[in-house]
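Descriptive structure summary
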Amino acid sequence: MMQNVGTWAKVSADSMKVFGNKYYLLQAEYAASINDYKQARQKFEASIKVAQDCGNVHEMALALERMGEHYFSCGCGTDANDCYKSAHEFYVQWGATAIANKLSVKHNLDINASSSQVFCDTNKGKRLLE
């Protein structure tokens, strides 16, 4: 499946807008599944960046949520929370309030606390994940 998405992402410059972030997200999930933490972080960041560049708010939210799950599984709770909060913000912005609320309840997020971060600080987790 990853090969198909990668092929589709490379067909044209426009296809990267549709498939690029999904391709990186699949690579990130695979890297996380084999405990390649550095590669997983890099691919999550790439997925978020492509989604941001293409204005795909929902894809940013999904990648941030999955990156949060990755950080949480590595014991980086603070980084995970930052990612979850950012994902929550983007889900709300996209109009997916039910998903945002579910995320908030599942991870006990203090969504009323103002945050200067729009994204989780992926540099924080680098020390622990390298």
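Residues numbered from 1 in each chain as written. Predicted model: local features only at pLDDT ≥ 70, side-chain atom pairs only at ≥ 80, totals over all residues. Heavy atoms only, no water.

Let us now look at the environment of isoleucine 111. Mapped onto the secondary structure, isoleucine 111 falls in the loop between α6 (97–106) and α7 (126–129). What makes isoleucine 111 partly exposed here is its relative accessible area of 40%. With 25 residues separating them along the chain, isoleucine 111 and serine 86 place their C-alpha atoms 9.7 Å apart. Ignoring sequence-local partners within four residues, the contact set of isoleucine 111 consists of His88 and Ser104. (Helix = DSSP H or I, 4+ residues; strand = E, 2+ residues; numbered from the N terminus. Buried < 20%, exposed > 50% of the residue type's maximum accessible area, 1.4 Å probe, protein only. Contact = heavy atoms within 4.5 Å.)

Looking now at the nonpolar core. Ranked by size, the top nonpolar core spans 26 residues in total, and within it Phe44, Met67, Tyr71, Phe90, Tyr91 and Leu103 carry the most contacts. Elements supplying a minimum of two residues to this core: α2 (13–33), α3 (37–53), α4 (57–73), α5 (77–94) and α6. Examining the composition of this core, we find that 7 residues originate from one element, α4, more than from any other. Those residues in contact with phenylalanine 44 that sit more than four places away from it in its chain are Leu25, Ala28, Glu29, Ala63, Arg66, Met67 and His70. (Core = buried A, V, L, I, M, F, W, Y, C linked by side-chain atoms within 4.5 Å.)

Here the focus is the confidence of the model for the protein chain. Across the protein chain, the average pLDDT comes to 83, with 76% of residues at or above 70. Averaged pLDDT values for the elements of the protein chain fall to 38 in α7 and rise to 95 in α4. Here residues 114–118 scores under 50 on pLDDT; set against residues more than four positions off or in separate chains, the count is 5 contacts. Contacts for the low-pLDDT stretch residues 122–130, under 50 throughout, to residues beyond four places or in other chains number 22 contacts. (pLDDT = per-residue confidence, 0-100.)

This part takes up the packing of aromatic side chains. According to the stated counting rule, one finds 1 aromatic pair in the structure shown. An angle of 50° between the planes, with centres 5.8 Å apart, marks the rings of tyrosine 23 and tyrosine 24 as tilted. Here tyrosine 23 matches tyrosine 24 in class, with each residue buried. (Phe/Tyr/Trp six-rings, centres within 6.5 Å; stacked < 30°, edge-to-face > 60°.)

Their axes nearest at 8 Å, the elements α3 and α4 cross at an angle of 165°. The orientation of α3 with respect to α4, classified from their angle, is roughly antiparallel. Crossing angle aside, the handedness with which α3 passes α4 is left-handed. Side by side, α3 and α4 meet where Tyr37, Ala40, Arg41, Phe44, Glu45, Ser47, Ile48, Ala51 and Gln52 of the first sit next to Glu59, Met60, Ala63, Leu64, Arg66, Met67, His70 and Tyr71 of the second. (Axes fitted to C-alpha atoms, helices over the stretch in contact; angles between N-to-C directions. Parallel < 35°, antiparallel > 145°, perpendicular 65-115°, else oblique. Left-handed = near helix turned anticlockwise from the far one by under 90°.)

This paragraph deals with unusual backbone geometry. For asparagine 35, which is not a glycine, the phi torsion comes out positive at approximately 60°. With respect to the helices, strands and loops of the structure, asparagine 35 is situated in the loop between α2 and α3. Here asparagine 35 falls in the exposed class, since its relative accessible area comes to 51%. With a phi close to 50°, asparagine 108 is a non-glycine residue in the positive phi region. As for its position among the elements, asparagine 108 is in the loop between α6 and α7.

Let us look at the packing of α4 against α5. The description of two packed helices rests on the angle between their axes and on the distance between the axes. Between α4 and α5, the shortest axis-to-axis distance is 8 Å and the interhelical angle comes to 160°. By the angle between their directions, the pair α4 and α5 is classed as roughly antiparallel. Between α4 and α5 lies a crossing of left-handed hand. Within the contact between the two elements, α4 uses Val57, His58, Met60, Ala61, Leu62, Leu64, Glu65, Met67, Gly68, Glu69, Tyr71 and Phe72 and α5 uses Asp79, Ala80, Cys83, Tyr84, Ser86, Ala87, Phe90, Tyr91, Gln93 and Trp94. In terms of residue class, the contact of α4 with α5 is made up of 15 nonpolar, 4 polar and 3 charged. (Nonpolar A, V, L, I, M, F, W, Y, C, P; charged D, E, K, R; others polar.)

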